[in-house]
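Chain and residue survey
Residues per chain, in single letters:
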Amino acid sequence: MEAKQGKNWGGLWTKVKLEVVDRYLDAYTKVMKNKGFKIWYIDGFAGDGQSPDDMVGSPLLALKYNRINKFVFIDKNRNNIESLKHTVHKKFSNKLCIIEFIKGDANEHIPKILSTWKKNRDRGIIFLDPFGLEISWETIKAIANTEAVDLWLLTVGSSFMLRLLSRDYKRNSQAIIKTLERYLGVSEEYIKKYFYVRQPQLPISMKKPDNYNQNRTELIRARLDQYSFIRKFVHLIQEQISNLFPITIPPLVLYDKTSGQYKFMLHFFCANNNSKRAQVIASDIAKYITHLMESKYPDVCFVLKI
Ligand SMILES: C[S@@+](CC[C@H](N)C(=O)[O-])C[C@H]1O[C@@H](n2cnc3c(N)ncnc32)[C@H](O)[C@@H]1O
């Protein structure tokens, strides 16, 4: 289930998401210097090396960092992985021996790769940047189980969910429910109760951006209230994830000012269970970056108040 395919995907929020990952890689590779670990960068939804508006895609951003010892680029689309290979051959031929290109499903390959890791040897960053609901919860679990990964995960935003889920449970197709079960790691029964029966008071509010069109914002608020399961959706993701990762921070909401749609949420999770200090450093850096983005790009993103 995908939000949008092809070269026209993306917008200003794509720039923000890539800048977040770039800044985190910069800080991470400095902090991990001389720690004696093998440092990985795994890009589960690597793309073709280019982003819309001819921005450099995430694999090429990561390749700038010389302290990374191993790169894995996975993409399901053969043309994308071939085109990525081509660009990398041209621009980073000196690094080819430490790069693995995989044409396939991230949900199949990431757990396999992580099963070869050793606790006292391997550390890394994983970036999961799908169009829609392509990630399986089992993949997130495998990542958390390493206790050695910092994860940047893009999840769909409320506008996607508004289009996806019907207000009337019976009108949702089985395929949609199955996809959500896999994406959120909960059962059909749970989805039904959670979104359609239970009415928990959630401590999540959508911040109204200061310079945002009043009428449009009100419209969105009305829709959000009408479909209260949207707020539940954000809460459920955070709840599910905090069961797996010791450190989570409030996600960065990426939105499209023109259409007034909450497009995506960018989450950060630190799986390091062994060192409290490492957890604090990682989350402080991630929080610093997300707040910096909020002040640098107020028209495109904000940190969700939880
Ligand atoms: C938003 S794009 C990634 C953009 C990339 N991170 C960048 O910065 O340029 C999503 C990519 O995921 C790929 N994809 C979709 N489903 C996938 C899956 N199950 N496993 C791996 N790749 C997948 C698509 O072919 C597409 O290239």
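Residues numbered from 1 in each chain as written. Predicted model: local features only at pLDDT ≥ 70, side-chain atom pairs only at ≥ 80, totals over all residues.

Of regular secondary structure, the protein possesses 11 helices and 11 strands. A total of 306 residues make up the protein; the buried ones form 39% of that total. Considering only contacts in the protein between residues 6 or more positions apart, those separated by 24 or more positions represent 78%. (Helix = DSSP H or I, 4+ residues; strand = E, 2+ residues; numbered from the N terminus. Buried ≥ 20, exposed ≤ 12 C-beta atoms within 10 Å, placed from the backbone. Contact = placed C-beta atoms within 7 Å.)

Another point: the nonpolar core. Counting residues in each nonpolar core, the largest one holds 82 residues, and the members touching the most others are Val20, Tyr24, Trp152, Val253, Leu254 and Cys301. Not counting residues up to four positions away in its chain, the partners in contact with Cys301 are Trp13, Val16, Leu252, Val253, Leu254, Tyr255, Met293 and Glu294. (Core = buried A, V, L, I, M, F, W, Y, C linked by C-beta atoms within 7 Å.)

With respect to burial, strand S4 (residues 70-75) is a largely interior element, five of its six residues being buried. Pairing of S4 with strand S5 (residues 99-103), which is carried by five bridges, proceeds in the parallel orientation. Opposite Phe73, over in S5, you have Phe101 as the bridge partner. Viewed along the sheet, the connection from S4 through helix H3 (residues 78-91) into S5 turns out right-handed. (Pairing = 2+ DSSP bridges. Right-handed = clockwise from strand over helix to strand, strands pointing away.)

This part takes up the environment of Ile99. The topology assignment puts Ile99 in strand S5. Residue classification places Ile99 among the partly exposed positions, given that 19 C-beta atoms sit within 10 Å. Put simply, Ile99 and Lys70 are 29 residues apart on the chain and 6.1 Å apart in space, counted from C-alpha to C-alpha. Apart from residues lying up to four places away in sequence, Ile99 is in contact with Phe71, Phe73 and Val88.

Glancing now at the site of the ligand. In the neighbourhood of the ligand, 20 residues make up the surrounding shell, with Phe45, Gly47, Gly57, Ser58 and Asn77 lying closest. Looking at side-chain class alone, the shell around the ligand contains seven nonpolar, eight polar and five charged residues. (Near = placed C-beta within 6 Å. Nonpolar A, V, L, I, M, F, W, Y, C, P; charged D, E, K, R; others polar.)

Counting buried positions over the five residues of strand S9 (residues 252-256) gives four, a clear majority of the element. Bridge count for S9 against strand S11 (residues 301-303) is three bridges, and the pairing is antiparallel. Across the sheet, residue Leu252 finds its bridge partner in S11, namely Val303.

Take the environment of Leu18 next. Looking at where Leu18 falls in the secondary structure, it is placed in helix H1 (residues 12-31). Each C-alpha atom of the pair Leu18 and Asp129 lies 9.9 Å from the other, and the pair is 111 residues apart in sequence. Apart from the residues lying within four places of it in its own chain, the contact partners of Leu18 are Ser51, Met55, Ser58 and Leu61.

Within helix H5 (residues 137-146), the full set of buried residues consists of Thr139, Ile140, Ile143 and Thr146. What you see down the axis of H5 is that its buried residues fit within an arc of 115°, all on one side. Residues of H5 that are buried sit in contact with helix H4 (106-114), strand S6 (122-128) and strand S7 (149-156). (Arc of directions from axis to C-beta.)

What follows is about unusual backbone geometry. Even without being glycine, Asn34 reaches a positive phi, approximately 60°. Here Asn34 lies in the loop between H1 and strand S1 (38-43). Exposure remark for Asn34: the 6 C-beta atoms within 10 Å place this residue in the exposed category.

Overall, the predicted model of the protein reaches an average pLDDT of 85, with 85% of residues at or above 70. Predicted confidence for residues 200-212 stays below pLDDT 50, and this span has 19 contacts to residues more than four positions away or in other chains. Below a pLDDT of 50 lies the segment residues 220-227, which in the model reaches eight contacts outside its immediate sequence neighbourhood of four places, other chains included. (pLDDT = per-residue confidence, 0-100.)

With their axes 10 Å apart at the nearest point, H1 and helix H11 (residues 276-296) run at an angle of 150° to one another. As far as their axial angle goes, H11 and H1 are roughly antiparallel. By crossing handedness, the relation of H1 to H11 is classed as right-handed. Together, Val16, Glu19, Val20, Arg23, Tyr24, Ala27 and Val31 of H1 and Ile281, Ile285, Ala286, Ile289, Thr290 and Met293 of H11 make up the contact between the two elements. Class assignment of the residues belonging to the contact of H1 with H11 gives a composition of 10 nonpolar, one polar and two charged. (Axes fitted to C-alpha atoms, helices over the stretch in contact; angles between N-to-C directions. Parallel < 35°, antiparallel > 145°, perpendicular 65-115°, else oblique. Left-handed = near helix turned anticlockwise from the far one by under 90°.)

Now for helix H7 (residues 174-184). Turning to H7, its buried residues are Leu180, Tyr183 and Leu184. All buried residues of H7 lie within an arc of 80° about the axis, which places them on one face of the element. Along H7, exposed side chains directed more than 90 degrees from the buried face belong to Gln174, Ala175 and Lys178. The positive-phi residue at the C-terminal boundary of H7 is Gly185, with phi of around 70°.

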